[in-house]
Structures are given as structure tokens and as C-alpha cells.
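Notes for the structure review
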Amino acid sequence: MRPTLSTTTLRRLQLPFTLRRNASTTASNPSIYDVVIVGGGPAGLSLASVLRSSAWTKPLKIALIEGMDLTPAREWKPTPDNFSNRVSSLTPGSVAFLQSTGAWDLVKQERVQSYKGMEVWDGVSGSAISFNTALGSTSDIAYMCENNNLTSGLLSHIESLGGIEIRDKTRVESITNGTDDGTLDLTSWPVVTLSSGEKMAARLLVGADGANSPVRTFAEIETRGWDYGRHGVVATLKLEGTGEGEKTAYQRFLPTGPIAMLPMPGPYATLVWSTTPQHAAALKALAPEDFVAAVNAGFRLSHVDVEYIVSNVTKGVVDEFAWREQNTAVDEKRVPAKAVSVQEKSVANFPLKMRHADSYIAERVALIGDAAHSVHPLAGQGLNQGIGDVRSLAKTVEYAVQHGQDIGAVLSLEPYFEEQYFKNHVLIGVVDKLHKLYGTTSAPVVAVRSLGLDAVNALDGLKKFIMDRAASR
Ligand SMILES: Cc1cc2nc3c(=O)[nH]c(=O)nc-3n(C[C@H](O)[C@H](O)[C@H](O)COP(=O)(O)OP(=O)(O)OC[C@H]3O[C@@H](n4cnc5c(N)ncnc54)[C@H](O)[C@@H]3O)c2cc1C
């Protein structure tokens, strides 16, 4: 059920007691803003950038609050042989939207890698499906872009447009409803109190504040979902060869979760290996050369051998892999080039969960990105969904401005919720089912899923349809 915010009762964030006590000691009047965006991750920055790019929403008074220091993103000067381990595959639809706002031009293109082929296979049965733009699909399958590259480009875009008040290194410490001082009634307006002591009243408060969204808590919007009991191990790898020519993404479904090798410029690639927390800890503890061998094993050895190595071998994975590889038939066309090294300090892991908020809107509140939904990374869709939210919310706010509506009223925000919620819900459900379907070695399930994969693989028309649908998100 959608919560309402008609009450003027003080609402507090679920913060430690001392912070809650501070939150109740309101003093000075807040400054008034049309839009306050909490969160300077890719979703929050995208929204700020698009609102400033539109002639209709440009005059709005907008502030963006980010707890972290944005200076490293502003001054980002990476070297060509070093890539961040946080990389997202952006669909052509997401990139086209960022191009339309002008932000994509400020993303460092030499660090973005498109790919035209994708090999996906079942690590238990060996059934496989190949996607390739040679099937007649309209564009590249996706673009691998470091999150830093995107946020740095978005920040440059926002700063070149001017007019957005950015407060970084500043946390939102509490959110309450405003008061009525006789001249101005802010009782239905959220007022955020920042760690600097500054207070801002928002006609529209946007939660782009990630999975643990304080804005969502303030709005009393419930989320549903579960933890997967899996971690995503990420790393930047250097592969054999020069990496020239057309690129392909590879994903193999192992019973503990998929392992994916996604292309980056030159001989580099980014790894996302979803596995148990125990395996993730074991992988992280390996010496670099053993980690590289474990990754190669993940793509080339039988799932039983991979399980054995990751569960039991803490040293000497290189020899263990070399020995087992001799006795394993590998279809070299299906697997990525072997990894030869791992970038220093690039191995990290993130707990994976599925969450979906019951609503994306409440009176004077909208949620976007991970604040509204978290999805398993196996389909690389989390940020693409967030960019879809941004596109839809910006369009909704623009329409409200054009028609003289109150941009914070639930009625004005409804089109955003209606456009995004169901679409996201379906995708989250499909990804969740895929995770479950491939997380088993049960013979009948493996037989049925392999039949499905083989059947789809045989139908070029259906594959083209799937690719076009995925690309347009
Ligand atoms: C292993 C892995 C691989 C992934 N791969 C892909 C992929 O290939 N493609 C894809 O589309 N997606 C991918 N994703 C998902 C993607 O990374 C996320 O969906 C995306 O980063 C979320 O962006 P966001 O801006 O919504 O949230 P965040 O990036 O979490 O940003 C939220 C921001 O809010 C700030 N904040 C929070 N609370 C406060 C506060 N109180 N005050 C001030 N600031 C606050 C935080 O500091 C943070 O900067 C992947 C995720 C994982 C874990």
C-alpha cells in the first residue's frame, strides 16, 4: 500500500539516538528549494544534469547533497593502463539518453568499451547461447564504463551548465516536516538538516541516496526483497593478447552464481564473480597469481573442479589449474582469453541483494536508482534501471512545470511511478528467477534450462528480439 504523508508529525530518520535528539532541536528557518537531491552517485548526478539541461526545468532552484568528497571525481585523471574495479555495462538506450543531455560527451570515450558479442553458457550442462550484432540487431550490445568515468563526466556537465548548488562532504543528518511560522506554511514540506548545520526545505525531495536511503525511511516507504547470500567479487584483469578487434562479453553460470568477464579497452577486462561469501573471502585472500589462475579455472574447468579449488586450495592454484586444465576439454571459441595478471588493489567484494520499494513516490518525495530498487548484477541492469528512473522523473517534472502544477504533489509525480514501477518490477523478477534457475545442479532442472537455452540459441529471430529489447532499456 502506498504511504501518505499528510501528517505534520515530526518524522525522523532511523539514526542513532544522539542524532535523533539533534534532529528535534530545530532553530533557524530553512532555505527554500524546488528540488533537493540527496545522493551524488550516478543516479543523483544524472538527474541534476538533465534537470539543468532542459529549458523548462533549468530555472528550478536545485541543490544536491553528497556525503562523500566529490573532488576525486572532479579531478579524475586516470592512466591508460589502470581501470577502476567498479564498472557498469550501459545499454545503448542509457547511453543515448546521456547523449541527449550532453553529459556523455564529457565521459572519457577512450576508456569506454563497447561490445558486439556475448557468450553465455551453463557451467553444469555446457548448453550455450551466443548473441552477436551480426544477427542484425541495430547497435552494440552494451558499453562498459567505469562508474568514476560516468560520475566525473556528469559532474563536469553539471558544473559547465552552472546553477546547481552542490554540497559534498556533507551528510543529511535528519529529515523532518517543516513548520508554519504564520507567513509560510511548510508543514507538508520535507526539511533536511545537513551535517554543516544548514537546513533546506524541498518542494520535491529526491532520494538518490542508495540502497539504505534515508529519504525512503523518512517517507515511510517499505521495501521488499531478500539478501542472496552471495557476494559479487570484482577485479580488473589483464588478458593475453593485445585486445584489438571486436570485443565479446562472457558469462558462465556456475551453481554458486555466474562468473562474468566483460571487456575494457586494450587487453583489459573487468570481472564480476557472484559467489558465496566464503568463496569470496577465499578468492580475496589468494596471492595475485593464484587469484588469476582461479579466475581462469572459473571459465575453463568443470564446475566440480572450480568448487574444489575455490573451497580448498589456498596456495598453489596456478599448478592446480594447470594440472586440471590438461584433462579438461575447453571450447576456446566460447571462453575469454586467459587472464595473465590482476591490477593491484582491484579485488573487492559486495554483498548482493534484491530489494524493491513499495512505491517510488510520496507527498513531496521521489526515489530513484538503488534507493528504489537493487537487483542482482547478473544482467548488468541496476544502473540502467536508475538511468531509466532519471529519464522518467525528469520528464514528469518537466511536464508539471509546463502545466503549472506543483512538482512535489503526488498527483504530479504519479506518471513517474506508473511508468517505471512495473517495468522495473518485471526485470527484477526475471533476474531473480534466472539467479534461482541457475543456482541448482538438480538434473531435471539442468535438463529443462539447457533445453530452453539451446532452443533460443537456435532461433536467430528470437535472439535479435531479446537483444533489441535489452539494448533499448
Ligand atoms: C558487483 C556489481 C556490479 C554491477 N554491475 C552493473 C552493471 O554492469 N550495469 C548496471 O547498470 N549496474 C550495475 N551494478 C549496479 C550499479 O552499480 C548501481 O545500480 C548504481 O551504482 C547505483 O547508483 P545510485 O546513484 O542509485 O546509488 P549509489 O551509487 O549507491 O549512490 C548513492 C549516494 O548517496 C550518498 N548518500 C547516502 N546517504 C547519504 C546521506 N545521508 N547524506 C548524503 N549523501 C548520502 C552516498 O554517499 C552515495 O554516493 C552493479 C552493482 C554491483 C554491486
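Located above this text is the structure these notes cover.
As a starting point, this report considers the structure included with it. The shown structure was predicted, so the numbers you read here are calculated from the model rather than taken from an experiment.

Remarks on the overall build of the protein chain
Check the secondary structure of the protein chain and you find 14 helices and 20 strands. Counting the 473 residues in the protein chain, one finds 54% classified as buried. A separation of at least 24 residues holds for 77% of the contacts in the protein chain among residues at least 6 apart in sequence. With the model as given, the accessible surface of the protein chain reaches about 20300 Å², and the carbon-plus-sulfur share is 54%.

With respect to the packing of aromatic side chains
Scanning all chains against the criterion turns up 6 aromatic pairs. Both rings, one in F417 and one in Y421, keep their centres 5.1 Å apart while their planes meet at 40°; by these two values the pair is tilted. With F417 and Y421 both in helix α12 (residues 410–437) and 4 residues apart, this pair spans about one turn of that helix. For the pair formed by F417 and Y421, the shared burial category is buried. Taken together, the aromatic side chains of Y360, Y416, F417 and Y421 make up a single cluster linked through ring pairs. The side chain of K61 reaches across the aromatic face of Y33, ending 4.3 Å from its centre.

A short note on the site of the ligand
Not every one of the 29 residues close to the ligand is listed here, only the nearest: A43, E66, S89, D370 and L383. One of the backbone nitrogen or oxygen atoms of A43 is found 2.9 Å away from an oxygen atom of the ligand. A distance of 3.3 Å separates a nitrogen atom of the ligand from a polar side-chain atom of R171. Taken together, the elements giving at least two residues each to the shell around the ligand come down to α2 (42–53), β3 (87–90) and α11 (382–402). Taken together, the residues that form the shell around the ligand break down as 11 nonpolar, 13 polar and 5 charged.

Topic: the pattern of salt bridges
Within this structure, the stated rule accounts for 16 salt bridges. Here R300 ties to E332 by a salt bridge, and the two come within 3.0 Å at their closest N and O atoms. Of this pair, R300 sits in helix α8 (residues 288–300) while E332 sits in the loop between α10 (317–326) and β16 (339–342), and the two are 32 residues apart along the sequence. Residue class for R300 comes out buried when judged on its relative accessible area of 6%. By sharing partners, the salt bridges in this structure join R74, E159 and D168 into a single network.

Comments concerning unusual backbone geometry
Although it is not a glycine, E220 adopts a positive phi angle of roughly 55°. One non-glycine residue, K345, lies in positive phi territory at about 60°. Mapping K345 onto the fold places it in the loop between β16 and β17 (348–357).

A look at the sheet that holds β3
Strands pair in a sheet through their backbones, by hydrogen bonds, and they do so in one of two ways: parallel or antiparallel. Taken together, the 3 strands give an open sheet; going across it, the order is β3-β7-β4, and neighbouring strands pair in antiparallel fashion. Looking at strand neighbours, the two that pair on one side only are β3 and β4 (113–115), the edges of this open sheet. Each strand axis lies, on average, 25° off the axis of its neighbour in the sheet, ignoring direction. Both β4 and strand β7 (residues 142–146) contribute to a ladder of 3 bridges, which runs antiparallel. When the sheet's bridge partners are listed, Q113 is paired in β7 with M144. Here helix α4 (residues 92–101) sits on the sheet and contacts β3 and β7; the angle it forms with β3, its principal contact strand, is near 95°.

Digging into the environment of N85
Along the chain, the position of N85 falls in the loop between α3 (71–74) and β3. On a C-alpha basis, the gap between N85 and E146 in space is 7.6 Å, while along the polypeptide they are 61 residues apart. With residues up to four places along the chain from it excluded, the contact list for N85 reads V234, A235, T236, T270, K345, S346 and A348. A polar contact is formed between the side chain of N85 and the backbone oxygen of S346, at a distance of 2.8 Å.

Points about the packing of α4 against α11
Remark: α4 packs on α11, axes separated minimally by 10 Å, with the N-to-C direction vectors making an angle of 40°. Judged by the inter-axis angle, α4 sits oblique to α11. Crossing of α4 over α11 shows left-handed handedness. Between α4 and α11, the residues in contact are G93, S94, F97 and L98 and N384, I387, V390 and R391, respectively. In terms of residue class, the contact of α4 with α11 is made up of 4 nonpolar, 3 polar and 1 charged.

Some thoughts on helix α9 (residues 303–312)
Given 3.6 residues to a turn, an α-helix orients residues that are three or four positions apart in the same direction. The complete set of buried residues in α9 reads D305, V306, I309 and V310. Buried positions in α9, seen along its axis, are confined to an arc of 120° and lie on one side of it. Its buried side turned inward, α9 meets β13 (248–254), β15 (268–275), α7 (277–285), α8 and α10.

Considerations on a nonpolar patch on the surface
Taken together, the side chains of F422, V426 and V430 define a hydrophobic patch exposed on the protein surface, amounting to about 280 Å² of accessible area. If you trace the backbone, V426 turns up in helix α12.

A look at the packing of α7 against α9
In the contact formed by α7 and α9, the axes pass within 8 Å of each other and the chain directions differ by 70°. Classified by the angle between their axes, α7 and α9 sit roughly perpendicular to one another. Relative to α9, α7 is oriented so that their crossing is left-handed. Here α7 contributes H279, A282 and L283 to the contact with α9, which in turn contributes E307, V310 and S311. Among the residues forming the contact of α7 with α9, the class breakdown is 3 nonpolar, 2 polar and 1 charged.

Considerations on the environment of G232
The topology assignment puts G232 in strand β12 (residues 223–239). Take G232: its relative accessible area is 4%, and that puts it in the buried class. The spacing of G232 and L271 is 39 residues in sequence and 9.2 Å in space, taken between C-alpha atoms.

Thresholds, definitions, all that
Residues numbered from 1 in each chain as written. Predicted model: local features only at pLDDT ≥ 70, side-chain atom pairs only at ≥ 80, totals over all residues. Heavy atoms only, no water. Helix = DSSP H or I, 4+ residues; strand = E, 2+ residues; numbered from the N terminus. Buried < 20%, exposed > 50% of the residue type's maximum accessible area, 1.4 Å probe, protein only. Contact = heavy atoms within 4.5 Å. Areas by Shrake-Rupley, 256 points an atom, 1.4 Å probe, with all protein chains shown as cover. Phe/Tyr/Trp six-rings, centres within 6.5 Å; stacked < 30°, edge-to-face > 60°. Lys NZ or Arg CZ within 6 Å of the ring centre and 35° of its normal. Near = heavy atom within 4 Å. Polar contact = N/O pair within 3.5 Å; in protein donor to acceptor, adjacent residues only side chain to side chain. Nonpolar A, V, L, I, M, F, W, Y, C, P; charged D, E, K, R; others polar. Salt bridge = Lys/Arg side-chain N within 4 Å of Asp/Glu carboxyl O. Pairing = 2+ DSSP bridges. Axes fitted to C-alpha atoms, helices over the stretch in contact; angles between N-to-C directions. Parallel < 35°, antiparallel > 145°, perpendicular 65-115°, else oblique. Left-handed = near helix turned anticlockwise from the far one by under 90°. Arc of directions from axis to C-beta. Patch = residues over 30% accessible without salt bridge, like charges linked within 9 Å, V, L, I, M, F, W, Y side chains within 5 Å.

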